[in-house]
Amino acid sequence: MIGLNRYIPDEIVEQIRASSDIVDIVSDYVRLKKQGRNYVGLCPFHNEKTPSFMVSQEKQIYRCFGCGEGGNIFSFLMKRGNLSFPEAVAVLAERSGISIPEEDDPERDARAKKTEQAYKLNELVKDFYQYVLKNHDIARGARSYLEQRGVTPETADKFQIGFAPPSWDSQINFLKKKGYSVEILEQMGFILAKTKGAPGYYDRFRNRIMFPVWNIQGKVVGFGGRVLDDSLPKYLNSPETPLFNKGHLLYGINKALESIRRLDQVIIVEGYMDVISCHQAGIENVVASLGTAFTPEQGKLLLRYTRQVVFAYDADTAGVNAAMRGWQVLDDIGCRVRVVSIPEGKDPDDYIRNHGPEQFLLLVNERALSLSDYKTDRALEKYDIYTLEGKFKIASEVIPSIINLSNEIEKDEAIMKLAKRLHLSPDAIRAEVEKNARKSRNSWGKRDKITGLRDNKTNFAQPAKSQKEEKDARSKAEETLLIMILEDKSVFSKIKGEVGVHFSSNQEYLNIINLLAEMIENGLDYQPAALFDRMPDEASAGVLSELMAKETPADNKVKIIQDCLKTIREDEIRKKREDLLRQMEEADRNRDQNLRNKLLLEYSKLI
Ligand SMILES: [Zn+2]
């Protein structure tokens, strides 16, 4: 397998693309049925019972009309198999018997080698810890601790749990013997420089049960270590390293993916042990963050598989306020966040051991509160509801998550509920919500972009679908033109001569247009499906697949193009007139008769 950052020349990529067939590849994962010119099947990216997933052999693209996923043969493999672009290319190269030439780039090769070495080192350390746990006398306490917590040997194997010996130098000695330099051991967070006495190093992880942390491809990228007694810190993680970026990782994601996808839901817990006991109990759509508040990156990772997120946290956790900010982050980027407090101050691990997995699932599915309800509960505990100030504070904490509710009915319900609890009129709350929604319109823009691909996932009407979504004549014309350019490059130069290149103000359209312009200018020939590899973001790729999935008008193309151009030109003129009218009003206000006359002349020319 080719390294993650391996560069593959464009010609080779094109050659591989040309000798692969998307229907062939998708058929490995989805049962496809021919329907007209295309193939259809059940979408592998979201849960559905009637097929809305379409593959076009002709255009070599796929598009799901349910969840909005779309792309070409490479993006399909990347998303379905969790591969990087070079990895996806390599898989297809092997399938079609094309070899990817070695290319000289010492710097890149050195980087790739270093990454490779870092992965190998992590793998080796994981094996070392596992060996010690299973075989060594010093790990007797650790073994009985795991037994006490109900972790079976099979589960310990599945999660590759190990034990770091209590000594100060067993790891450093072992790894040095294996040929690793202290520099890389320090960089990867296994050893620390002594601050006292003779210079030297010592092991970071000592006398701890060790949990390897994997990336989404299942490679070990770091570790978490737990003490056996009550000493502190209870958990110690690897420091940030080139491989271990806590804000981008989710513990257990590689083992949870299939289940998350199947159930269209992810349960997020706090600790390693919570993930492990859930899996052991057969609940596999469970991950944990690594002791940090949730980041947008983690949210985006999850959004590729589901938007239904349930946090199952110990109700008494001191860190719940910090955690809440992370929940809001997920809410903001378009996840549907719910929260369940585990009763009796238990964590999921305890709860499952005491009450069984069925009861735990019942909690998750029946008792989880929407983020706004959860926040209301918390705020009611904190503030005095009988004072105006208290009411105000509660409202201002809860309203942001009401704004984020994707469904108008839910939103209304949340407003009514909050009004009732605060003894205020629903209209007062509604007015506050609307005021705040206007204020946060900027962050809405961001949200739309990130979740552009998934906005159709639920059947709920999405908020903030704004004028952009309403297909007025102008945007319909822009869309038709783009579809036709994608079909036939010569249309592009014609349009360029008439209304210019940037005939649209839609950011995704512009991204597509700019890319097309660049390729045409450089005389690059391309298959339309190749455009997906160069899309700057998911939202643009989603729009591109939407455009490509549409049928192009069959006859009288020239007439259609002319009509579209006319619509665009008229719209431009309308805008210019409006602008002139505004300027004239301004000139009136300033009593600038000269300017007004000039503007009027211009205006009359436009009629
Ligand atoms: Zn889908």
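Student: I'm lost on the overall build of the protein chain in this one. Help?
Tutor: Of the regular secondary structure elements, the protein chain holds 27 helices and 16 strands. Expressed as lengths along the three principal axes of its C-alpha atoms, the size of the protein chain is roughly 95 × 75 × 55 Å. Across the 607 residues in the protein chain, those meeting the buried criterion constitute 48%. A separation of at least 24 residues holds for 65% of the contacts in the protein chain among residues at least 6 apart in sequence. Summing over all exposed atoms, the protein chain offers an accessible surface of approximately 30200 Å²; the carbon and sulfur share of this is 50%. Charged side chains in the protein chain number 90 positive and 91 negative. The centres of these two groups are separated by 1 Å.

Student: Looking at this structure, I do not really get the pattern of salt bridges. What am I missing?
Tutor: Any two side chains of opposite charge can pair, on the condition that their charged atoms come close. Tallied over the full model, the rule gives 42 salt bridges. The closest approach of N and O atoms between Glu 240 and Lys 246, which form a salt bridge, is 3.6 Å. Residue class for Lys 246 comes out buried when judged on its relative accessible area of 15%. Note that Asp 412 and Arg 430 form a salt bridge whose closest N and O atoms lie 2.9 Å from each other.

Student: Just checking my understanding: could you explain the environment of Val 337 for this structure?
Tutor: The residue Val 337 is located in strand E15 (residues 336-342) in this model. Relative accessible area serves as the criterion here: at 5%, Val 337 is assigned to the buried category. Excluding its chain neighbours within four sequence positions, the residues that come into contact with Val 337 are Val 309, Phe 311, Trp 327, Leu 330, Asp 331, Leu 369, Ser 370 and Leu 371.

Student: Looking at this model, I keep getting lost on the nonpolar core. Mind explaining?
Tutor: Soluble globular proteins tend to bury their nonpolar side chains together. In this structure, Leu 121, Tyr 129, Ile 161, Tyr 251 and Phe 360 are the most contacted members of the largest nonpolar core, which totals 61 residues. For this core, the element with the highest residue contribution is helix H5 (residues 106-135), accounting for eight residues. Residues Leu 486, Val 491, Ala 529 and Leu 565 belong to the second largest nonpolar core, which totals 33 residues.

Student: I would appreciate a short explanation of the sheet that holds strand E10 (residues 220-226) in the present structure.
Tutor: Sheet strands line up and pair through hydrogen bonds in the backbone, either parallel or antiparallel. Across the sheet, four strands lie side by side as E6-E9-E10-E11; this open sheet has antiparallel pairing. Pairing within the sheet leaves two strands with one partner each, and these edge strands are strand E6 (162-164) and strand E11 (235-237). Recorded for the sheet is a direction-independent mean angle of 35 degrees between the axes of neighbouring strands. In this sheet, E11 lies alongside E10 in antiparallel orientation, the contact comprising three bridges.

Student: Please clarify how the side chain of Ser 259 should be interpreted in this entry.
Tutor: Within the secondary structure, Ser 259 is located in helix H10 (residues 253-263). Once residues lying within four places of it in the same chain are set aside, the contact partners of Ser 259 are Asp 264, Glu 284 and Asn 285.

Student: Even after reading the chapter, I still don't get the coordination of the zinc ion, so can you show me in this structure?
Tutor: Octahedral metals with six donors have ideal donor angles of 90 or 180 degrees. Tetrahedral metals with four donors have an ideal donor angle of 109.5 degrees. Looking at the zinc ion, one finds its protein donor set to be Cys 43 (SG), His 46 (ND1), Cys 64 (SG) and Cys 67 (SG), positioned 2.1 to 2.3 Å from the metal centre. Considering all four donor atoms around the zinc ion, the spread of angles at the metal, 103 to 119 degrees, places the coordination shape in the tetrahedral class. For the zinc ion, all donor residues lie on one chain, and their spacing in sequence is C-x2-H-x17-C-x2-C. Of this pair, Cys 43 sits in the loop between strand E2 (38-41) and strand E3 (53-56) while Cys 67 sits in the loop between strand E4 (61-64) and strand E5 (70-72); the two residues are 24 residues apart in sequence, bridging distant segments of the chain. Each member of the pair, Cys 43 as well as Cys 67, is classed as buried.

Student: Would you explain helix H26 (residues 557-589) in this entry?
Tutor: Every α-helix carries 3.6 residues per turn, so stepping three or four residues along brings you back to the same face. For H26, spanning 33 residues, the distance from its first C-alpha to its last is 48 Å, which sits close to the expected 48 Å at 1.5 Å a residue. The set of residues buried in H26 consists of Ile 561, Cys 564, Leu 565, Ile 568, Asp 571, Leu 580, Met 584 and Ala 587. Where H26 is buried, its residues meet helix H22 (473-487), helix H23 (490-499) and helix H27 (593-605).

Student: Help me understand the packing of helix H3 (residues 73-81) against helix H4 (residues 85-95) in this model?
Tutor: How two helices pack is summed up by the angle between their axes together with the distance between the axes. At a minimum axis distance of 9 Å, the contact between H3 and H4 shows a crossing angle of 110 degrees. Considered as vectors, H3 and H4 are oriented roughly perpendicular to each other. In this structure, H3 crosses over H4, and the sense of that crossing is right-handed. From H3, Ile 73, Phe 74, Leu 77 and Met 78 reach across to H4, where they touch Phe 85, Ala 88, Val 89, Val 91 and Leu 92.

Student: For this particular structure, what's the right way to read the packing of aromatic side chains?
Tutor: In this description, a pair of aromatic rings is defined by centroid distance and the angle of the planes. Inspection of the entire model under this criterion finds 23 aromatic pairs. Ring geometry for Phe 45 versus Phe 76: centroids 5.8 Å apart, planes at 75 degrees, classification edge-to-face. On the criterion of sequence distance, the pair formed by Phe 45 in the loop between E2 and E3 and Phe 76 in helix H3 is long-range, its members being 31 residues apart. Phe 76 carries the same exposure label as Phe 45, and that label is buried. For the ring pair Tyr 129 and Phe 223, a centre distance of 5.3 Å and an interplane angle of 85 degrees mean the geometry is edge-to-face. With Tyr 129 in helix H5 and Phe 223 in strand E10, the pair connects residues that are 94 residues apart, well separated along the chain. Residue classification places Tyr 129 among the buried positions, given a relative accessible area of 1%. Given the relative accessible area of 0%, Phe 223 is considered buried. An aromatic cluster is present here, built from Phe 159, Phe 211, Trp 214, Tyr 235, Tyr 251 and Tyr 272 joined pairwise through their rings. If you follow Arg 206 out to its NZ or CZ, it ends over the ring of Trp 168, 3.9 Å from the centre. Above the plane of the ring of Trp 214 lies Lys 255, whose end atom (NZ or CZ) is 4.6 Å from the centre.

Student: Explain helix H1 (residues 10-18) here, please?
Tutor: Those residues of H1 that sit buried are Ile 12, Val 13, Ile 16 and Arg 17. Buried residues along H1 cover an arc of 140 degrees about the axis, so they all sit on one side. Looking at H1, the residues exposed on the side facing more than 90 degrees away from the buried face are Glu 11 and Ala 18.

Student: Please explain the environment of Gly 291 as it appears in this structure.
Tutor: By secondary structure assignment, the location of Gly 291 is in the loop between strand E13 (286-288) and helix H12 (296-303). Between the alpha carbons of Gly 291 and Asp 588 there is a distance of 62 Å; along the sequence they are 297 residues apart.

Student: I would appreciate a short explanation of the state of the cysteines in the present structure.
Tutor: A covalent bond bridging the sulfur atoms of two cysteines is what the word disulfide describes. Throughout the structure, instances matching the rule amount to zero disulfides. The closest cysteine sulfur to the non-disulfide-bonded Cys 335 is located on Cys 67, 14 Å from its own sulfur.

Student: How should the confidence of the model for the protein chain be read in this particular structure?
Tutor: Detailed reading of the predicted coordinates is not advisable wherever pLDDT falls low. With 91% of its residues at a pLDDT of at least 70, the protein chain reaches an overall mean of 84. A low-confidence stretch, residues 442-471 stays under pLDDT 50, and its non-local contacts, those more than four residues away or across chains, total 69 contacts.

Student: Please explain unusual backbone geometry as it appears in this structure.
Tutor: Outside of glycine, negative phi angles account for most residues, and trans bonds account for most peptide bonds. For the bond running from Leu 232 to Pro 233, omega is -5 degrees, close enough to zero to count as cis. Looking at the secondary structure, you find Pro 233 in the loop between E10 and E11. At Asn 207, a residue that is not glycine, the phi angle is positive and equals roughly 55 degrees. Even without a glycine there, the phi angle at His 423 is positive, about 55 degrees. Relative to the assigned elements, His 423 resides in the loop between helix H18 (408-422) and helix H19 (426-439).

About the criteria used
Residues numbered from 1 in each chain as written. Predicted model: local features only at pLDDT ≥ 70, side-chain atom pairs only at ≥ 80, totals over all residues. Heavy atoms only, no water. Helix = DSSP H or I, 4+ residues; strand = E, 2+ residues; numbered from the N terminus. Buried < 20%, exposed > 50% of the residue type's maximum accessible area, 1.4 Å probe, protein only. Contact = heavy atoms within 4.5 Å. Areas by Shrake-Rupley, 256 points an atom, 1.4 Å probe, with all protein chains shown as cover. Lys, Arg positive; Asp, Glu negative; His and termini not counted. Charge placed at Lys NZ, Arg CZ, Asp CG, Glu CD. Salt bridge = Lys/Arg side-chain N within 4 Å of Asp/Glu carboxyl O. Core = buried A, V, L, I, M, F, W, Y, C linked by side-chain atoms within 4.5 Å. Pairing = 2+ DSSP bridges. Axes fitted to C-alpha atoms, helices over the stretch in contact; angles between N-to-C directions. Donors = N, O, S within 2.8 Å, 3.2 Å for Na, K, Ca; no water. Tetrahedral: all angles 85-135°; square planar, octahedral: opposite > 155°, others 65-115°. Expected span 1.5 Å × (residues − 1). Parallel < 35°, antiparallel > 145°, perpendicular 65-115°, else oblique. Left-handed = near helix turned anticlockwise from the far one by under 90°. Phe/Tyr/Trp six-rings, centres within 6.5 Å; stacked < 30°, edge-to-face > 60°. Lys NZ or Arg CZ within 6 Å of the ring centre and 35° of its normal. Arc of directions from axis to C-beta. Disulfide = S-S within 2.5 Å. pLDDT = per-residue confidence, 0-100.

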